[in-house]
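# Residue-level structural notes
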Amino acid sequence: MLYLQTIKYVDNKRLEWDNFVKSSKNGHFFFYRDYMEYHSDRFRDFSLIIYNDKGNIMALLPASIDGDTVISHGGLTFGGFVCDSKMTAAKMLDVFGNVKQFLKNAGVRMLIYKCMPAIYNKYPSDEALYALFRNNAKLYRRDVSFSIYLPNRLPYRYTRKSEIKKGYKHQYSLQESSKYGEYIALLDKILMKYHGTHPVHNANELRLLAEKFSNNIKLYTAEKNGRIEAGTVLFLQTGVVHTQYLANSDEGKKTGALDCLLDWLITDVYKDKNWFDFGISCEQEGRYLNEGLAAQKEGFGARAVVHDFYRIELI
């Protein structure tokens, strides 16, 4: 068994943390401290650093705490252990055991573990999944996302082809944009009308994050006469393009605005990436599938990728 030390993240570890994320085999720009801390007023950080006996980082666990429950991480779509290419299955069992004991000593009663979908990994990274199984973790939620494998795309369905053709016929101006205020206003109107919710990010937050992570967060729009009729905010990670938000005005729906915008992004702008991920199409912790939304994404040639959530009772 390895000698390991788990500590809570403190701010003087910021550079060390960010450098490990950068060199990891399954890191994401979500895990840089500047991204994790933009909503620190809503999520109490409980991130962990795990060191070996030589004082080198073995793994990171981005996490927040709510009462006596630690979540990896409450403000992120997914989380879990961040590791480098030296991580092995046996080492992860030791890491997991050390973290469990640390959490127990801190009075934590439950760990909620959000797994990172495999499409984001640079190398196979399922050591933590095996450790979850060995520690009797309970799978309690499974969200389903839909992704296109860009190097060998499946063909579009007829309905999507028809809408794409319609959008190009209306000669939309397709472009990268900085109109976050106008876009979020459109998105908010749509979400309230159909779902009774607001976007997770407001315009100022999204604009600030896009400035800090200019290579990772981009807005693309389909416009007519200077007005946004459709758009998407993309989160870009090595090899993966993720549509964080999709918006289509009533006029855009009638004229194929979003369809032609997505086709342009898939077949031209990001054709050299590995994955184009549309995000989840389910509710109620995965128990309800929005079949219409799923079919729309599958119409572009996307297929299912799951986001798994586990619970571990510690005390």
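Because the structure is predicted, anything quoted here is derived from the model rather than measured. (Residues numbered from 1 in each chain as written. Predicted model: local features only at pLDDT ≥ 70, side-chain atom pairs only at ≥ 80, totals over all residues. Heavy atoms only, no water.)

All right, on to the sheet that holds strand 5 (residues 64-66) then. The strand order across the open sheet built from eleven strands is 2-5-6-8-17-9-14-13-12-11-10, with neighbouring strands paired in mixed fashion. Because the sheet does not close on itself, it has two edges, and the strands there are strand 2 (44-45) and strand 10 (173-177). Along the sheet face, helix 6 (residues 180-195) touches strand 10, strand 11 (217-224), strand 12 (227-237) and strand 13 (240-248) and points at about 70 degrees away from the line of strand 13. (Pairing = 2+ DSSP bridges. Helix = DSSP H or I, 4+ residues; strand = E, 2+ residues; numbered from the N terminus. Contact = heavy atoms within 4.5 Å. Axes fitted to C-alpha atoms, helices over the stretch in contact; angles between N-to-C directions.)

Let us now look at the packing of helix 3 (residues 89-105) against helix 4 (residues 127-134). The contact between helix 3 and helix 4 brings their axes to 9 Å, and the two run at 55 degrees. As the angle between them shows, helix 3 and helix 4 are arranged oblique. The handedness of the crossing between helix 3 and helix 4 is right-handed. Counting all contacts with helix 3, which are made through Ala-89, Met-92, Leu-93 and Phe-96, the residues of helix 4 involved are Glu-127, Ala-128, Tyr-130, Ala-131, Leu-132 and Arg-134. Here the contact of helix 3 with helix 4 is composed, by residue class, of eight nonpolar, no polar and two charged. (Parallel < 35°, antiparallel > 145°, perpendicular 65-115°, else oblique. Left-handed = near helix turned anticlockwise from the far one by under 90°. Nonpolar A, V, L, I, M, F, W, Y, C, P; charged D, E, K, R; others polar.)

This structure, assessed with the given rule, holds 23 aromatic pairs. A centroid spacing of 4.9 Å and a plane angle of 45 degrees characterise the contact between Phe-78 and Tyr-120, whose relative ring orientation is tilted. In this pair, Phe-78 sits in the loop between strand 6 (69-72) and strand 7 (82-83) while Tyr-120 sits in the loop between strand 8 (110-114) and helix 4, placing the two residues 42 residues apart along the sequence. In this pair, the class of Phe-78 matches that of Tyr-120, namely buried. Measuring from centroid to centroid gives 5.6 Å for Phe-278 and Phe-300, while their planes differ by 35 degrees, and the two rings are tilted. With Phe-278 in strand 14 (residues 275-280) and Phe-300 in the loop between helix 10 (291-298) and strand 17 (303-313), the pair connects residues that are 22 residues apart, well separated along the chain. Since its relative accessible area comes to 2%, Phe-300 is described here as buried. One aromatic cluster is present, formed by Phe-29, Phe-30, Tyr-35, Tyr-38, Phe-78, Tyr-120, Phe-213 and Phe-235 through successive ring pairs. Positioned above the aromatic ring of Tyr-9 is the side chain of Arg-33, whose terminal nitrogen or guanidinium carbon lies 3.7 Å from the ring centre. Sitting above the plane of the Tyr-172 ring, Lys-224 keeps its charged end 4.8 Å from the centroid. (Phe/Tyr/Trp six-rings, centres within 6.5 Å; stacked < 30°, edge-to-face > 60°. Buried < 20%, exposed > 50% of the residue type's maximum accessible area, 1.4 Å probe, protein only. Lys NZ or Arg CZ within 6 Å of the ring centre and 35° of its normal.)

With antiparallel pairing, four strands are arranged side by side in an open sheet as 1-3-4-7. Every interior strand has two partners, whereas the edge strands, strand 1 (4-8) and strand 7, have only one. Bridging between strand 3 (residues 48-52) and strand 4 (residues 57-61) involves four bridges; their strand directions are antiparallel. Along strand 4, the bridge assignment pairs Tyr-51 with Ile-57. Contacting strand 3, strand 4 and strand 7, helix 1 (residues 14-23) crosses the sheet at an angle of about 95 degrees to strand 4. Helix-sheet contacts for helix 3 involve strand 1, strand 3, strand 4 and strand 7, and the interaxial angle to strand 1 is about 45 degrees.

In this section: unusual backbone geometry. With an omega dihedral of 0 degrees, the bond running from Ser-72 to His-73 counts as a cis peptide bond. Mapped onto the fold, His-73 is located in the loop between strand 6 and strand 7. Phi is positive for Gln-171, which is not a glycine, with a value near 55 degrees. For Gln-171, the location among the structural elements is in the loop between helix 5 (158-169) and strand 10. Judged by relative accessible area, Gln-171 falls into the exposed class, the value being 66%. A positive phi angle, close to 55 degrees, is found at Gln-284, a residue other than glycine. For Gln-284, the location among the structural elements is in the loop between strand 15 (282-283) and strand 16 (288-289).

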